[in-house]
Amino acid sequence: MQLIDGNQTAKDIKAEIKQQVEGIIARGGKQPHLAAILVGHDGGSESYVAYKIKDCEAVGFKSSLIRFEDDVTETELLAKIEELNNDDDVDGFIVQLPLPRHIPENNILEAINYKKDVDGFHPVNVGRMVIGLPAFVSATPYGIVELIKRYGIETSGKNCVVVGRSQIVGRPMSVLMSQKEMNATVTVAHSRTKNLKEVCANADILICALGSPEFIKANMVKEGAVVIDVGTTRVPSQETKSGFRLKGDVLFDEVAPKCSYITPVPGGVGPMTRVSLLQNTLLAATKEIYS
Ligand code: NAP
């Protein structure tokens, strides 16, 4: 069994990005610039955005944080998005989700110029990804594909089961795995799937993104399978200062001995999600996807 080290892979990618940024600046180019809009004071969102800003600093990007209170109107947010769309210094920007209930998320996401949509949530990017055109791919699936490639894991002709069909993880993940680059035979499972145990046990590559801690047990996993655990659920713990521990969707201790490769939680997919936003921002700055 080989543990897939997302921390180390993300560190390697960050070093590569940093080197590219140094090269851009040495050639007299512009420093890549990521902006983030944060609405309200949700603890989770605050810490995600803080990490994103810190990651930018680590690779030499410029970053801007734009804050609004919970009572911001849709019109005010749309005006800020328009401003960022037209700001030539900003290469890419994100609106941290979730937004307060009174703001329709789709209206906000669709207002972002897709050429600056480094979260890859705009329908143009999703559509282009589905038909195999260059696009910003959302961070978690992008990070998982990168892990699979960097570990040299064979995907062609393999049975891949993705558990979960969310717009940000399961759905795009299943599309990417079935495309010509990866060539897997993909099954998408969800809460209405019958015989989930048998479906999972048929997988050469099992990607778990259901958000149910330790749901995937050893009897659901084929001997020699590659298991990618996306799940991150906070469960109460007396062993940590925060009073919480992150648990994956996979019962790690029981499943790991059966696997050829497995990602841990934490330290697997999570760091790759973070680094993918940096990769997308660099792609936006270097205009490799859209001119
Ligand atoms: P989500 O929107 O809640 O989607 C969960 C999916 O799993 C749904 O499609 C649901 O089916 C399916 N599902 C739930 N329970 C199931 C069950 N018992 N059997 C089969 N399918 C089941 O969640 P998400 O946003 O995709 O996130 C999934 C997990 O990944 C969460 O723990 C989240 O915190 C984590 N996550 C981690 C990262 C990272 O960077 N590590 C990034 C994003 C998300 P239905 O469609 O039928 O409801």
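My aim in this report is to walk through the structure given alongside it, one point at a time. (Residues numbered from 1 in each chain as written. Predicted model: local features only at pLDDT ≥ 70, side-chain atom pairs only at ≥ 80, totals over all residues. Heavy atoms only, no water.)

## Observations regarding the pairing of strand 8 (residues 226-229)
Part 1: Of the two faces of strand 8, the one holding Val226 and Ile228 and the one holding Val227 and Asp229 are both buried throughout.
Part 2: Bridge count between strand 7 (residues 205-208) and strand 8: 4 bridges; the pairing is parallel. Bridging across to strand 8, Ile205 finds its partner in Val226.
Part 3: Sheet topology places strand 8 next to strand 11 (residues 261-262); 2 bridges connect them, and they run parallel. If you follow Val226 over to strand 11, its bridge partner there is Tyr261. (Buried < 20%, exposed > 50% of the residue type's maximum accessible area, 1.4 Å probe, protein only. Helix = DSSP H or I, 4+ residues; strand = E, 2+ residues; numbered from the N terminus. Pairing = 2+ DSSP bridges.)

## Here's the deal with the site of the ligand
Part 1: Near the ligand there are 21 residues, and of these Arg165, Ser166, Ser191, Thr232 and Thr273 occur at the shortest range.
Part 2: In this structure, Ser166 approaches the ligand through a side-chain N or O atom, which is 2.5 Å from an oxygen atom.
Part 3: The separation between a nitrogen atom of the ligand and a polar main-chain atom of Val230 is 3.4 Å.
Part 4: Coverage of the ligand by the protein chains reaches 68% of its 930 Å² of free accessible surface.
Part 5: For the shell around the ligand, the element with the highest residue contribution is helix 10 (residues 269-285), accounting for 3 residues.
Part 6: Split by residue class, the shell around the ligand holds 9 nonpolar, 11 polar and 1 charged. (Near = heavy atom within 4 Å. Polar contact = N/O pair within 3.5 Å; in protein donor to acceptor, adjacent residues only side chain to side chain. Areas by Shrake-Rupley, 256 points an atom, 1.4 Å probe, with all protein chains shown as cover. Nonpolar A, V, L, I, M, F, W, Y, C, P; charged D, E, K, R; others polar.)

## Topic: the packing of aromatic side chains
Part 1: Under the defined criterion, the tally for this structure stands at 3 aromatic pairs.
Part 2: Judged by centre distance (5.1 Å) and plane angle (80°), the ring pair of Tyr114 and Tyr290 falls under edge-to-face. Residue Tyr114 is found in the loop between helix 4 (105-111) and helix 5 (123-130), and its partner Tyr290 is found in the segment after helix 10; the two are separated by 176 residues along the sequence.
Part 3: Classification of Tyr114 as partly exposed rests on a relative accessible area of 28%.
Part 4: Here the aromatic residues Tyr114, Phe136 and Tyr290 are joined through ring pairs into a cluster of three or more.
Part 5: The lysine or arginine in question, Arg234, covers the ring of Phe244, its NZ or CZ lying 4.8 Å from the ring centre.
Part 6: The ring of Tyr51 is capped by Arg274, whose NZ or CZ atom sits 4.1 Å from the centre of that ring. (Phe/Tyr/Trp six-rings, centres within 6.5 Å; stacked < 30°, edge-to-face > 60°. Lys NZ or Arg CZ within 6 Å of the ring centre and 35° of its normal.)

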